[in-house]
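Tertiary structure, described
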Amino acid sequence: MIYVCSLSKLPDTAQRVQARHIITLINADMAVPTPTGVAPENHLILGFNDIVNPVDGLLPPGEAHVAQLVEFLADWPRDEPLIIHCWAGISRSTAGAYIAACVLNPDTDEALIAQTLRQQAPSATPNGRLVAIADKLLGRNGRMIDAVRRIGRGEDAFEGTPFQMPLSYAGNEEASAS
């Protein structure tokens, strides 16, 4: 299972789910300690700001960040819980969870994954730049971008509520063909 949370909920979530792998999507200058029980090599920390368009003095997410995310996911043993988190648990982490679900389910309809994200996290507002880069990298031909646009901006929230994304969407691959 993939668990998604904010930085403030990371220690409790890691302990509760006995996570052994963590993806941190946070500002580059933010130090995030690796929770107890997680080996440092199983904690991917990607530093960039939560922006879609370039802003002077801020680092946008880039292709190298998404490539590292995809590579980490490929090496993750799916029999152990994975946490993806960011500062608030609303934008970068929900984009990361959406990307992860698309990477792990290459034949599943992107809209189904996005709808699942919305059901699991009403406040999810995935970072559009991360999604667009992943869409290109994964050869999804704009389908990831369109699916996230269709679910729209999430409910207003200061911090997202921790949630789970399923690992597979078995039996739903037919939606891709329609």
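First things first, this report covers the structure right here in the doc. Every value quoted in this text rests on a predicted model; they were computed, and no experiment measured them. All residue numbers here refer to positions counted from 1 along the written sequence of the relevant chain. It should be noted that, the model being predicted, local features are given only for residues of pLDDT at least 70 and side-chain atom pairs only at 80 or more, the latter also being counted only at that level, while totals for whole chains, interfaces and linings use all residues. Excluding hydrogens and water, the side-chain figures rest on all heavy atoms present in the structure.

In this section: the side chain of Thr24. Helix and strand definitions follow DSSP, with helices as H or I runs of at least four residues and strands as E runs of at least two, each counted in order from the N terminus. Note that Thr24 resides in strand 2 (residues 21-26). Engagement of the side chain of Thr24 in a polar contact is seen with the side chain of His85, the distance being 2.7 Å. Residue contacts are defined here by distance: any two heavy atoms, one from each residue, within 4.5 Å place the two residues in contact. In contact with Thr24, other than residues within four places in its own chain, are Val32, His43, Leu44, Ile45, Leu46 and His85. Polar contact criterion, stated in full: a pair of N or O atoms within 3.5 Å, where within protein one must be able to donate a hydrogen and the other to accept it, and residues adjacent in sequence count only if both atoms are side-chain atoms.

Categorising residues by exposure relies on relative accessible area from a 1.4 Å probe, with only protein chains included: less than 20% of the type maximum marks a residue as buried, more than 50% marks it as exposed, and the intermediate range marks it as partly exposed. For strand 4 (residues 82-86), a buried count of five out of five residues is recorded, marking the element as mostly surrounded by other parts of the structure. On strand 4, burial covers both faces: Leu82, Ile84 and Cys86 on one face and Ile83 and His85 on the other are all buried. With four bridges joining them, strand 2 and strand 4 adopt parallel strand pairing. Looking at the pairing, Ile22 lines up with Ile83 of strand 4. At least two DSSP bridges between two strands are required for those strands to pair.

Strand order in this open sheet of five strands is 3-2-4-1-5, and the pairing throughout is mixed. At either margin of the open sheet sits one strand with a lone partner, and together these are strand 3 (43-47) and strand 5 (163-165). Across the sheet, the axes of successive neighbouring strands diverge by a mean angle of 20 degrees, strand direction being ignored. Against the sheet, helix 2 (residues 63-75) touches strand 2, strand 3 and strand 4, its axis set at about 170 degrees to strand 3. The sheet strands contacting helix 3 (residues 92-104) are strand 1 (2-6), strand 2, strand 4 and strand 5, and the helix crosses strand 4 at an angle near 145 degrees. Angular values range over 0 to 180 degrees, each being the angle between N-to-C directions of two axes fitted as lines to C-alpha atoms, with helices fitted over their stretch in contact.

In this section: the environment of Leu130. Inspection of the secondary structure assignment puts Leu130 in helix 5 (residues 128-137). Between the C-alpha atoms of Leu130 and His43, which are 87 residues apart in sequence, the distance is 19 Å. Residues in contact with Leu130, not counting those within four places in the same chain, are Phe48, Pro61, Val66, Arg92, Ala95 and Ile99.

It is worth spelling out the nonpolar core at this point. Among the nonpolar cores identified, the biggest contains 43 residues, and Ile2, Ile23, Leu82, Ile84, Tyr98 and Met165 are the most heavily contacted of them. Per-element accounting of this core gives the leading share, nine residues, to helix 3. By nonpolar core is meant a set of buried Ala, Val, Leu, Ile, Met, Phe, Trp, Tyr and Cys residues that side-chain atoms within 4.5 Å join together.

It is possible for side chains of opposite charge to pair when their charged atoms get near one another. Throughout this description, the term salt bridge denotes a Lys or Arg side-chain nitrogen within 4 Å of a carboxyl oxygen of Asp or Glu. One pass over the full model with this rule turns up five salt bridges. Of the charged contacts in the structure, one is a salt bridge between Arg140 and Glu110, with a shortest N-O distance of 2.7 Å. Residue Arg140 is located in the loop between helix 5 and helix 6 (143-151), and its partner Glu110 is located in helix 4 (residues 110-120); the two are separated by 30 residues in the primary sequence. Of the charged contacts in the structure, one is a salt bridge between Asp156 and Arg153, with a shortest N-O distance of 3.2 Å.

Before going further, it helps to spend a moment on the packing of helix 2 against helix 5. One way to put it is that helix 2 packs onto helix 5 with a least axis distance of 9 Å and a crossing angle of 65 degrees. With respect to helix 5, the axis of helix 2 lies roughly perpendicular. As helix 2 packs across helix 5, the resulting crossing turns out to be right-handed. Packed against helix 2, whose contacting residues are Glu63, Val66, Ala67 and Val70, the element helix 5 presents Leu130, Ile133, Ala134, Lys136 and Leu137 at the interface. Charged means Asp, Glu, Lys or Arg here, nonpolar means Ala, Val, Leu, Ile, Met, Phe, Trp, Tyr, Cys or Pro, and polar covers whatever is left, Gly included. By residue class, the composition of the contact of helix 2 with helix 5 is seven nonpolar, no polar and two charged. Orientation categories follow fixed angle ranges, with anything under 35 degrees roughly parallel, anything over 145 roughly antiparallel, 65 to 115 roughly perpendicular, and all other angles oblique. By definition, turning the near helix anticlockwise from the far helix through less than a right angle yields a left-handed crossing, and turning it clockwise yields a right-handed one.

Right, let's talk about the packing of helix 3 against helix 4 for a bit. Their axes nearest at 10 Å, the elements helix 3 and helix 4 cross at an angle of 140 degrees. In this view, helix 3 runs oblique relative to helix 4, as classed from their interaxial angle. When you trace helix 3 past helix 4, the crossing you get is right-handed. Facing Thr94, Tyr98, Ala101 and Cys102 of helix 3, the residues of helix 4 in contact are Glu110, Ile113, Ala114 and Leu117. A per-class count over the contact of helix 3 with helix 4 returns six nonpolar, one polar and one charged.

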